[in-house]
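Structural overview for review
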Amino acid sequence: DVKDRWKSQRTSKRRRRPAPAMQIETPEDLHESLRLRAMRMLGRRAYSSAKLQQKLREDAAAKEFPAEVVEDIVDAIIARLVELRLIDDRRYAESFVRDRFERAGYGSHRIRRDLEAAGITPAEAAAAIAAHIDEAAERRCAAAVLERFRRRGGEERRTDREFRHLIGRGFPASIVRDLIRVSL
């Protein structure tokens, strides 16, 4: 009895009740619903404007409103969030580069590809990468990734696997070749 009560108390604190479903009948209701959704999403993590716009459009697609109305509402919400500086693609790109390079150990090519997939323009992606990654730092990061890969792999050195692993992590081929050549 005591054990069951303790368990129910512990799990009840973890669960959050879902927000009550909002009746969406007018475009104003849709606007408010999407605005609240955007604020909840931004409260959890950062989004690029393009990715947030895509997610809001997906949410709105389930509602039965004309596409033009949905576009206008989503564009207005995104514009307001940009105006309030809650969305900033440059800041998002810089944070993304730092996170992926320093914490995850990805190279500049992979980071650029992921940024462009998130809707960041190639120019903004290149600027963020140039501001945070230089060739020496990328070489050090690639060497650390290679060392971790080798520790996991056992005794046998397979240069083809090491090469593919580092290329897959987004490091330039010239750096990868140099690192593997030096270690032979």
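These remarks concern the structure in this document. Computed from a predicted structure; not experimentally measured.

**A short note on the pattern of salt bridges**
In this structure the tally under the stated criterion is 17 salt bridges. Between Glu 94 and Arg 90 there is a salt bridge, with its nearest N and O atoms 3.4 Å apart. Taken as a pair, Glu 94 and Arg 90 lie in helix H5 (residues 89–103) at a separation of 4 residues, close to a single helical turn. The class of Glu 94 is partly exposed, set by a relative accessible area of 22%. Here Asp 99 and Arg 103 are joined by a salt bridge, their closest N and O atoms 2.8 Å apart. You can see Asp 99 and its partner Arg 103 sitting in helix H5, 4 residues apart, about one turn around the helix. Given a relative accessible area of 30%, Asp 99 falls into the partly exposed group.

**Structural notes on the packing of aromatic side chains**
Going through the model one piece at a time under the given rule, you end up with 1 aromatic pair. Ring plane angle 35° and centroid distance 5.9 Å describe the contact between Tyr 92 and Phe 96, whose orientation is recorded as tilted. Separated by 4 residues within a single helix, Tyr 92 and Phe 96 lie in helix H5, roughly one turn from each other. The side chain of Arg 45 reaches across the aromatic face of Tyr 47, ending 4.0 Å from its centre. Taking the ring centre of Tyr 106 as reference, the NZ or CZ of Arg 169 above it sits at 4.3 Å.

**Observations regarding the nonpolar core**
Counting 25 residues, the largest nonpolar core has Val 97, Ile 111, Leu 115 and Phe 171 as its most contacted members. Elements that contribute at least two residues to this core include exactly H5, helix H6 (108–117), helix H7 (122–132), helix H8 (135–153) and helix H10 (173–183). When sequence neighbours within four positions are dropped, the list of residues in contact with Val 97 reads Glu 102, Ile 111, Leu 115, Ala 128, Ile 129, His 132 and Ile 133. Judged by nonpolar contacts, the second largest core, of 17 residues, contains Leu 30, Ala 38, Leu 52 and Ile 78.

**Let's talk about the side chain of Glu 138**
As for its position among the elements, Glu 138 is in helix H8. The side chain of Glu 138 is buried and forms no salt bridge, while Arg 112, the nearest opposite charge, is found at 7.8 Å. Among all residues touching Glu 138, those that are not within four sequence positions of it are Phe 101, Gly 107, Ser 108, Ile 133, Gly 170, Phe 171, Pro 172 and Ile 175.

**With respect to a positive patch on the surface**
A surface patch of like charges, here positive, comprises Arg 148, Arg 151, Arg 152 and Arg 161. With 3 residues, the top contributor of residues to the positive patch is H8. For Arg 151, a relative accessible area of 61% translates into the label exposed.

**So, the packing of H5 against H6**
Interaxial distance between H5 and H6 falls to 10 Å at its minimum, and their mutual angle equals 140°. With respect to H6, the axis of H5 lies oblique. Like other packed secondary-structure pairs, H5 and H6 cross with a definite hand, here right-handed. Residues Tyr 92, Ala 93, Phe 96, Val 97, Arg 100 and Phe 101 of H5 pack against Ile 111, Asp 114 and Leu 115 of H6. Class assignment of the residues belonging to the contact of H5 with H6 gives a composition of 7 nonpolar, no polar and 2 charged.

**Thoughts on the environment of Leu 56**
By the element assignment, Leu 56 lies in helix H3 (residues 49–61). Judged by its relative accessible area of 0%, Leu 56 is buried. Taking C-alpha positions, Leu 56 is 9.7 Å from Glu 71, a pair spaced 15 residues apart along the chain.

**Section: the side chain of Ser 48**
Residue position: Ser 48 is located in the loop between helix H2 (27–44) and H3. Overall, the relative accessible area of 0% leaves Ser 48 in the buried class. Within the local environment of Ser 48, its side chain forms a polar contact with the backbone nitrogen of Lys 51, the two atoms lying 3.2 Å apart. Of the polar contacts made by the side chain of Ser 48, one reaches the backbone oxygen of Ala 118; its length is 2.4 Å. Apart from residues no more than four positions distant in its own chain, Ser 48 is found in contact with Ile 87, Asp 89, Tyr 92, Ala 118, Gly 119 and Ile 120.

Definitions and limits used
Per chain, the residues get numbers from 1 upward, laid out in the order the sequence is written. Since the coordinates come from a predicted model, pLDDT governs what is reported: local features require at least 70, and pairs of side-chain atoms require 80 or more to be given and counted, while whole-chain, interface and lining totals use all residues. As a convention, hydrogens and water are excluded, and side-chain values are obtained from all of the structure's heavy atoms. When a carboxyl oxygen of Asp or Glu lies within 4 Å of a side-chain nitrogen of Lys or Arg, that pair is called a salt bridge. Put simply, DSSP H or I for four residues or longer makes a helix, DSSP E for two residues or longer makes a strand, and each gets a number counted from the N terminus. Residue burial is assigned from relative accessible area. The probe radius is 1.4 Å, only protein chains are included, and a residue is buried under 20% of its type maximum, exposed over 50%, and partly exposed in between. The criterion for an aromatic pair is that two Phe, Tyr or Trp rings (for Trp, the six-membered ring) have centres within 6.5 Å, with stacked assigned to planes under 30 degrees apart, edge-to-face to planes over 60 apart and tilted to the rest. Here, a charge over a ring means that NZ of Lys or CZ of Arg falls within 6 Å of the ring centre while also lying within 35 degrees of the ring normal. Within this scheme, the nonpolar core is defined by two criteria: the residues are buried Ala, Val, Leu, Ile, Met, Phe, Trp, Tyr or Cys, and they are joined through side-chain atoms within 4.5 Å. By definition in these notes, contact holds between two residues if any of their heavy atoms fall within 4.5 Å. Neither His nor the chain termini are counted; the positive set is Lys and Arg, and the negative set is Asp and Glu. For patch building, the residue pool is restricted to those with more than 30% relative accessible area and no salt bridge; the joining distance is 9 Å between like charges and 5 Å between nonpolar side chains (Val, Leu, Ile, Met, Phe, Trp, Tyr). All accessible areas in this document rest on Shrake-Rupley with a 1.4 Å probe, and a residue is counted as covered only by the protein chains that are shown. Here the site of a charge means NZ on Lys, CZ on Arg, CG on Asp, or CD on Glu. Axis angles are defined between N-to-C directions and span 0 to 180 degrees, where every axis is a line fitted to C-alpha atoms and, for a helix, only to the segment in contact. Any angle from 65 to 115 degrees is called roughly perpendicular, while one under 35 is roughly parallel, one over 145 is roughly antiparallel, and all others are oblique. Each crossing is labelled by how the near helix is turned from the far one, with a counterclockwise turn of less than a right angle marking it left-handed and a clockwise turn marking it right-handed. Under the grouping applied here, Gly and all other residues not named as nonpolar or charged are polar, the nonpolar ones being Ala, Val, Leu, Ile, Met, Phe, Trp, Tyr, Cys and Pro and the charged ones Asp, Glu, Lys and Arg. In protein, a polar contact means a hydrogen-donor-capable atom and an acceptor-capable atom, both N or O and within 3.5 Å, with residues adjacent in sequence counting only if both atoms are side-chain atoms; elsewhere, any N or O pair within 3.5 Å suffices.

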